[in-house]
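What the coordinates show
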Amino acid sequence: MSRRHISQREAHALSKRVDELERERDEQRSRWASDYPGGTHIGTLSYQRDWFSGRLEIAHALKHAIVVKPGDCDGKIYFYALPLP
């Protein structure tokens, strides 16, 4: 397959388009950090506002996903904060 040569003008336009798409992707990630489109809401847990809820709010503010994992028959639920890609 032969390569097609492009002009500097076209290269500049393509570079601007890449920057625009990357900016759009970053904005989507920011929105997804709070909405999780495509995710499935499987339940809600009520809690008293305490030191624990502060940790969840901080993880959310830092754009981390919060993952919940059930314990191994110990009656506990474990929460993990994972940085979004």
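Quick note: structure is the one above.
Inspection of the entire model under this criterion finds 2 salt bridges. A salt bridge links glutamate 10 to arginine 4; its shortest N-O distance comes to 2.9 Å. Its relative accessible area of 27% is what places glutamate 10 among the partly exposed residues. On the basis of relative accessibility, which here comes to 62%, the residue arginine 4 falls in the exposed class. Here arginine 17 makes a salt bridge to glutamate 20, at a shortest N to O gap of 2.7 Å. In this pair, arginine 17 and glutamate 20 are both assigned in helix α1 (residues 8-35), 3 residues apart and thus about one turn of the helix distant. Residue class for arginine 17 comes out partly exposed when judged on its relative accessible area of 41%. Judged by its relative accessible area of 38%, glutamate 20 falls in the partly exposed class.

Calculation criteria
Here the residue index of a chain counts from 1 through its sequence in written order. With pLDDT at 70 or above as the cut-off, local features in this predicted model cover only qualifying residues; side-chain atom pairs require 80 or more to be listed or tallied, and sums for whole chains, interfaces and linings still use all residues. With hydrogens and water excluded, all non-hydrogen atoms of the structure serve as input to the side-chain values. We count a salt bridge whenever a side-chain nitrogen from Lys or Arg sits within 4 Å of a carboxyl oxygen from Asp or Glu. Summary of the burial criterion: residues with accessible area below 20% of their type's maximum are buried, those above 50% are exposed, and those between are partly exposed, where the area comes from a 1.4 Å probe applied to protein chains only. For the purposes of this entry, the term helix denotes a DSSP run of H or I that reaches at least four residues, the term strand denotes a run of E that reaches at least two, and both are numbered from the N terminus.

Remember that the coordinates give geometry; whether it matters functionally is a separate question.
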